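Spelled out, the chains give:
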2 protein chains.
Amino acid sequence: MAIDDVLADLQNKIEKNLPEGVTISGVSFEGPQLVLYTEDPKKFADDGNIIRNLAKALRIRIAVRPDPKVLAEPEKSIEIIHKIVPADSVISNCYFDPDSGEVIIEAEKPGLVIGKHGDTLREITKEIGWIPKVARTPPIKSKTVKNVRDFMRNNLKERKEILRDVGRKIHRETTHTDQWIRVTGLGGSLEVGRSCYLLSTPESKIMIDCGVNLGAEDKTPYLYVPEVNNFSELDAVVLTHAHMDHQGLIPLLYKYGFDGPVYCTPPTRDMTVLLQLDYVDIASKEGKKVPYDSSTIQKELLHMIPLDYEEVTDIAPDMKLTFHNAGHIIGSAIAHFHIGDGLHNIVFTGDYKYERTRLFDPAVNRFPRVETVITEATYGNNNGYQTPLRDAEKNLQKIIRDTVNRGGAVLIPAFAVGRSQEVMIVLEEAIRKGYIPNVPVYLDGMIWEATAIHATHPEYLNSELKKQIFQKGQNPFLSESFKQVDSKDMREKILEEPHPCVIIATSGMMTGGPVMSYFYKLAPDERNTLVFVGYQADGTIGRRLQKGWSEIAVGNNNTVKVNMNVETIDGFSGHSDVRQLHEYIRKMQPKPERIFTVHGDEKSCIELAEALRKKNRIDAKPLVNLETFRIL
Amino acid sequence: MAIDDVLADLQNKIEKNLPEGVTISGVSFEGPQLVLYTEDPKKFADDGNIIRNLAKALRIRIAVRPDPKVLAEPEKSIEIIHKIVPADSVISNCYFDPDSGEVIIEAEKPGLVIGKHGDTLREITKEIGWIPKVARTPPIKSKTVKNVRDFMRNNLKERKEILRDVGRKIHRETTHTDQWIRVTGLGGSLEVGRSCYLLSTPESKIMIDCGVNLGAEDKTPYLYVPEVNNFSELDAVVLTHAHMDHQGLIPLLYKYGFDGPVYCTPPTRDMTVLLQLDYVDIASKEGKKVPYDSSTIQKELLHMIPLDYEEVTDIAPDMKLTFHNAGHIIGSAIAHFHIGDGLHNIVFTGDYKYERTRLFDPAVNRFPRVETVITEATYGNNNGYQTPLRDAEKNLQKIIRDTVNRGGAVLIPAFAVGRSQEVMIVLEEAIRKGYIPNVPVYLDGMIWEATAIHATHPEYLNSELKKQIFQKGQNPFLSESFKQVDSKDMREKILEEPHPCVIIATSGMMTGGPVMSYFYKLAPDERNTLVFVGYQADGTIGRRLQKGWSEIAVGNNNTVKVNMNVETIDGFSGHSDVRQLHEYIRKMQPKPERIFTVHGDEKSCIELAEALRKKNRIDAKPLVNLETFRIL
Ligand SMILES: [Zn+2]
Ligand SMILES: [Zn+2]
Ligand SMILES: [Zn+2]
Ligand SMILES: [Zn+2]
Ligand SMILES: [Zn+2]
């Protein structure tokens, strides 16, 4: 059936299913959902069951939009909104979009705008015609989030066209009678870095992640092979999380013809934009080549479709996607693909942590159905054990106590996203509970901005943190101990008068960034301590210091003498260790039939596959770059 | 380097390497060889070493063509040729091609036209300027061979352009620094039928075979997947042999954009054209759909580049192809690929027989180098034993003797190509040596034409047969016992007066064809015998008769009573049995490192791989349709 016939057919069915007196004036696809236009938005608002029943009957996600002619004037609408919504929700802004008929209400307490079961939202629609969408007023101002929201608001028309095209493609006619499912390794198999995979059926082609290997940037994913090199034939990119080794080359796809959506969670979208812009920015400063620029990142942003965890979404004629919490970094997702009508289910884990951490719940491993699992294997080798998190925390506290007590400063090199925030939460609690002295914790580099993004999406943190933030009103990120270092002046001032403190600064492997200024100043004094909480690659200054070098070259002719203590704490990793990888699979429900390992060096991928095969008596093997396997 | 610079560079090098006083007026690529134009063809003709040394120095195949201005008049040339060439070579025709400067001399004894070490050919060039090519006057007139030759002669100009384009593409600049080799199963893996494989490197894409599954024609190779669906990006098709399950869909490639060459042996070319035209013809008579017509076959023919066994040929910037005898049917080849400059060597066996048969030498398994083998596995399962050939022959002789002695006729359903000729040779010898009575052997269906193609290419038969034909002048195919049934009248006449005889007729599984007329007439008489020498698929009349059915339906309401004897002789297969498959690999020199099995049902491919892995301690596994494996 041609797509317009599909739509006509749907409109027909909808009209038959509508209660007496409720009418629609048109239907259209918008991304993965079907939009109904109506002159009676109030009727839909009155009865939430109308949409729910329609969605169930038609097995499709449905949104209702008011016909433009029933919309109240924006100024009048604002007045009405403020009358309906309780004042202690603290509305900071309302944005009207005449094309979608939506009004975005930014408030400090979105729950109060929504009301019980969405009652308040429905009342708003009833009164003003506009469909309210609620957004949280960020508690810490994130420039990235503001820029993303502004950009989307300024490009509503193009955005709408993109969503319409995506929707029509998703619901296109299927053409093949063959049934098969294949997965192709395009990068990140038997290695870490440049993660990129292709999931294909006779009907559709989905790319999963498209990363860059920051250690060896010439080693890009194999995007030139015929399986993918016609980017315009890709239905979508599914992005598991915002680390550069998973998303760093997505803009390149848009530069060379890709025109489909990127599906990811809302935090992944914000964080991806932040990291990509930073990547382009640093590269241009260092005179390095990045194969795209900020305009390409904008194009990508316009095509990103945020999906929350547990939202079942059509992404191709024969494929449904559901994201689940992966526990790795904010917004990190396990992608569950349901293919065909009950034909096969694939769980693509991305990077995951199968343990409750300070920030996140453990990765999800219960699914309605699952036959094939593609799992990461970073610590999959037989010796891939990590220190338990609680022990790592205690070690860190002790080091800080000892250093501060002798009048020293603690310097922690860290990546902007993930471990920095984990360490922050540990420190906030330790200070609050008096486990360590109440010293300032300086955050330098992109850490503050990344933290602001965390604060914007508290619903992506673990249940305990959420409770702490929402019910107790105690947002640990807002602790007064944290000081954002937002200028060179401030950094110099901190260094001029050394004092007991903790400094968390980028880059994580001391390959550059503000951490270096702190290091040069703090290194000669034996009262200070340098603490590594993340992996240090060979050839980096971080690795040298770990190995015990006592002098480090600075510039051309100078060296700095290293008298400060150097400590390494493992256990803060966002990846499952080998025990957790095994437990994750062993406890998976239902039990999968087949496993592929990826995202680990050769030893890790091979040993994990072998161990899983033996322990669970199921087919398990590593995926290989440039190889294609039949899943069905 | 751009291709014209490559040519200029080559011309330069050639001029430096030429002996004093020998000059060339230009160079160009023509298919896989480099053509030199010269005004001194006599000088090149005088000294065969000039070209040999050049080819060695430049590592490229070289041909010399006279500059048009030095060519003698055709009529004058014919006179001179007849003066130079001994009369007992019996020249039947001379064709002049002014574009290539070639004259094709058709003679009954080509060796006499060539002379010792090519002396006579060189003398001809010296005298008339034209470059002589020698072709055999077919001893049995093959319509196909005549049509192919006529067609090529009538399309010399287009042919020349095609060859030039192919040549320029082969020697194009390489563009990647990556090194990898992949093989993709597109059909014929874990199954028999629709054989199709893709061999790819960063530089080139070679399709190996492209067959049709005659049992299930909707099951075509997976040509729509992105790895191959842009046919214009294929560098070449390498065709192992003329069976429909290996070449049946090649014309389709040309219909949808392929414009490159098909490499195959000369007999494979002739036989392929015969079988494809017959396929199209029968289908149109039966109202079935074939996805191409004779004009597409002609396009394919124009793009076919015949290569003899053991001829090392550049087919892509990073690939050399050499065909070796496969012992399966006439012209069947094992394809040896040398990739990169000593990077890797792949042997693709196609169908092969590792045993000397009446027609062919055993398949070659010695190569300069080989790391990866892709082997057929038709009889690869652990019970895939076949009766030894000599026993099969004796069985057949006994059945014929017994039947003839009681006044009966022997009916042998057979495919046109392969087993028919094998049985013919057995019968010719048996009659000549008196093992069976001297009765007529009728050949009906396409068998005669296929036999004529065998007779045209005696150099593709085994050494014993060649000796018999060339040295003893005893061509068994010309035996007077063989009678071509070339009309309905003749067939009816044979059936009107039943008499002791042998009838070999198509189709091989009694799914139609002339064999059915004989069967209906001969079935009721218990003196006659039906002998199966080939595989009978489930659901065919052949299979039913094998199982012992005593009545067979004819048309709508009639049946024929089967009183004739029904015998099955296995052992005439053109495929290696499980022992021969193992021996072929075990004795391969050098020893390969890795094996893939194809062209067998699931059991055969899996069991052969497992047995080879255990016996030879090398990596061995089945290829899978739609899967891609890294070879390097
Ligand atoms: Zn990650
Ligand atoms: Zn990763
Ligand atoms: Zn064959
Ligand atoms: Zn075959
Ligand atoms: Zn062409």
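Residues numbered from 1 in each chain as written. Chains lettered and ligands numbered in written order. Predicted model: local features only at pLDDT ≥ 70, side-chain atom pairs only at ≥ 80, totals over all residues. Heavy atoms only, no water.

1. Side note on helix α1 (residues 3–17) of chain A
Residues and elements named next belong to chain A.
Then step 1. Look at α1: 21 Å from first C-alpha to last across 15 residues, which is about the 21 Å you get at 1.5 Å a residue.
Then step 2. All buried positions along α1 are accounted for by Ile 3, Val 6, Leu 7, Leu 10 and Ile 14. Taken end-on, α1 shows its buried residues confined to a sector of 95°, consistent with a single buried face.
Then step 3. Buried residues in α1 make contact with β1 (26–30), β2 (33–38), α3 (48–58) and α8 (156–170). (Helix = DSSP H or I, 4+ residues; strand = E, 2+ residues; numbered from the N terminus. Expected span 1.5 Å × (residues − 1). Buried < 20%, exposed > 50% of the residue type's maximum accessible area, 1.4 Å probe, protein only. Arc of directions from axis to C-beta. Contact = heavy atoms within 4.5 Å.)

2. With respect to unusual backbone geometry
Then step 1. Note the cis peptide between Thr 506 of chain B and Ser 507 of chain B, where omega equals 5°.
Then step 2. Tracing the chain through its elements places Ser 507 of chain B in the loop between β21 (501–505) and α18 (515–522).
Then step 3. One non-glycine residue with positive phi stands out, namely Val 90 of chain A, at about 55°.
Then step 4. Structurally, the position occupied by Val 90 of chain A is in the loop between α4 (74–84) and β4 (91–97).
Then step 5. You can call Val 90 of chain A partly exposed: its relative accessible area is 36%.

3. Some words on the pattern of salt bridges
Then step 1. Overall, the coordinates contain 81 salt bridges over all chains when judged by the stated rule.
Then step 2. Among the salt bridges present, the one from Glu 583 of chain A reaches Arg 586 of chain A, with a minimum N-O distance of 2.9 Å. Separated by 3 residues within a single helix, Glu 583 of chain A and Arg 586 of chain A lie in helix α20 (residues 578–586), roughly one turn from each other.
Then step 3. The partner of Glu 583 of chain B in a salt bridge is Lys 587 of chain B, with the nearest N and O atoms 3.3 Å apart. (Salt bridge = Lys/Arg side-chain N within 4 Å of Asp/Glu carboxyl O.)

4. A short note on the relation of the copies chain A and chain B
Then step 1. Expressed as a screw operation, the relation of chain A to chain B combines 0.0 Å of axial shift with a rotation of 180°, fitting to an RMSD of 0.1 Å. Between the two chains, the operation in question is that of a two-fold axis. Minimal C-alpha distance to the rotation axis in chain A is attained by Thr 628 of chain A, lying at 2.3 Å. (Least-squares fit on C-alpha atoms with pLDDT ≥ 70 in both.)

5. Looking at the side chain of Thr 184 of chain B
Residues and elements named next belong to chain B.
Then step 1. In this fold, Thr 184 is placed in strand β7 (residues 182–187).
Then step 2. Among the residues examined, Thr 184 registers a relative accessible area of 1% and is labelled buried.
Then step 3. A polar side-chain atom of Thr 184 sits 2.9 Å from a polar atom in the side chain of Thr 628. (Polar contact = N/O pair within 3.5 Å; in protein donor to acceptor, adjacent residues only side chain to side chain.)

6. As for the packing of aromatic side chains
Then step 1. Scanning all chains against the criterion turns up 23 aromatic pairs over all chains.
Then step 2. Arranged with centres 6.4 Å apart and planes meeting at 85°, the rings of Phe 629 of chain A and Phe 629 of chain B form a pair that is edge-to-face. With Phe 629 of chain A in strand β28 (residues 628–630) and Phe 629 of chain B in strand β28 (residues 628–630), this residue pair bridges two chains.
Then step 3. By relative accessible area, Phe 629 of chain B is classed as buried at 3%.
Then step 4. Ring centres 6.3 Å apart and planes at 50° place the aromatic pair Tyr 279 of chain B and Tyr 292 of chain B in the tilted group. Of the two residues, Tyr 279 of chain B sits in helix α11 (residues 266–285) while Tyr 292 of chain B sits in the loop between α11 and α12 (294–302), which places them 13 residues apart along the sequence.
Then step 5. What makes Tyr 292 of chain B buried here is its relative accessible area of 5%.
Then step 6. Grouping aromatic residues by their ring pairs yields a cluster made of Phe 596 and Phe 629 of chain A together with Phe 596 and Phe 629 of chain B. (Phe/Tyr/Trp six-rings, centres within 6.5 Å; stacked < 30°, edge-to-face > 60°.)

7. Quick notes on the pairing of β2 of chain A
All names here are of chain A.
Then step 1. Of all the 6 residues making up β2, 6 are buried; the element is thus mostly covered by neighbouring parts of the structure.
Then step 2. A two-sided burial pattern is seen for β2, the buried positions comprising Gln 33, Val 35 and Tyr 37 on one face and Leu 34, Leu 36 and Thr 38 on the other.
Then step 3. Counting the residues in the hairpin turn of β1 and β2 gives 2 residues, including Gly 31, whose phi is positive at 60°.
Then step 4. Bridging between β2 and strand β3 (residues 61–66) involves 6 bridges; their strand directions are parallel. What sits directly across from Leu 34, in β3, is Ile 62. (Pairing = 2+ DSSP bridges.)

8. Describing the UniProt feature "binding site: Zn(2+) 1" (unreviewed entry) in chain A
Residue and element names in this part refer to chain A.
Then step 1. Look at the UniProt record and you will see "binding site: Zn(2+) 1" (unreviewed entry) annotated at His 241, His 243, His 328 and Asp 351. The greatest C-alpha distance among the residues just named is 10.1 Å, despite their covering 111 residues of sequence, which places them together in space.
Then step 2. Using a relative accessible area of 0% as the deciding quantity, one classes His 241 as buried.
Then step 3. The residues contacting His 241, other than those within four sequence positions of it, are His 246, Gln 247, Thr 268, His 328, Ile 329, Ser 332 and Asp 351.
Then step 4. At a separation of 3.3 Å, a polar atom in the side chain of His 241 contacts the side chain of His 243.
Then step 5. Here His 243 is to be found in the loop between β10 (236–238) and α9 (244–247).
Then step 6. Once residues within four sequence positions are removed from consideration, His 243 is found in contact with His 328, Ile 329, Asp 351 and Val 417. (UniProt positions renumbered as here; feature names shortened; annotations may be inferred.)

9. Observations regarding the coordination of the zinc ion (ligand 2)
Residues and elements named next belong to chain A.
Then step 1. Around the zinc ion (ligand 2), the protein contributes the donor atoms Asp 245 (OD), His 246 (NE2), Asp 351 (OD) and His 599 (NE2), at 2.1 to 2.3 Å from the metal centre.
Then step 2. One can describe the donor arrangement at the zinc ion (ligand 2) as irregular, given that its 4 donor atoms subtend angles of 89 to 168° at the metal.
Then step 3. As a motif over one chain, the donors of the zinc ion (ligand 2) read D-H-x104-D-x247-H.
Then step 4. Separating the zinc ion (ligand 2) from the zinc ion (ligand 1) is a gap of 3.3 Å, bridged by Asp 351, which donates to each. Of this pair, Asp 245 sits in helix α9 while His 599 sits in the loop between β26 (594–598) and α21 (602–616), and the two are 354 residues apart along the sequence.
Then step 5. Overall, the relative accessible area of 16% leaves Asp 245 in the buried class.
Then step 6. Judged by its relative accessible area of 3%, His 599 is buried. (Donors = N, O, S within 2.8 Å, 3.2 Å for Na, K, Ca; no water. Tetrahedral: all angles 85-135°; square planar, octahedral: opposite > 155°, others 65-115°.)

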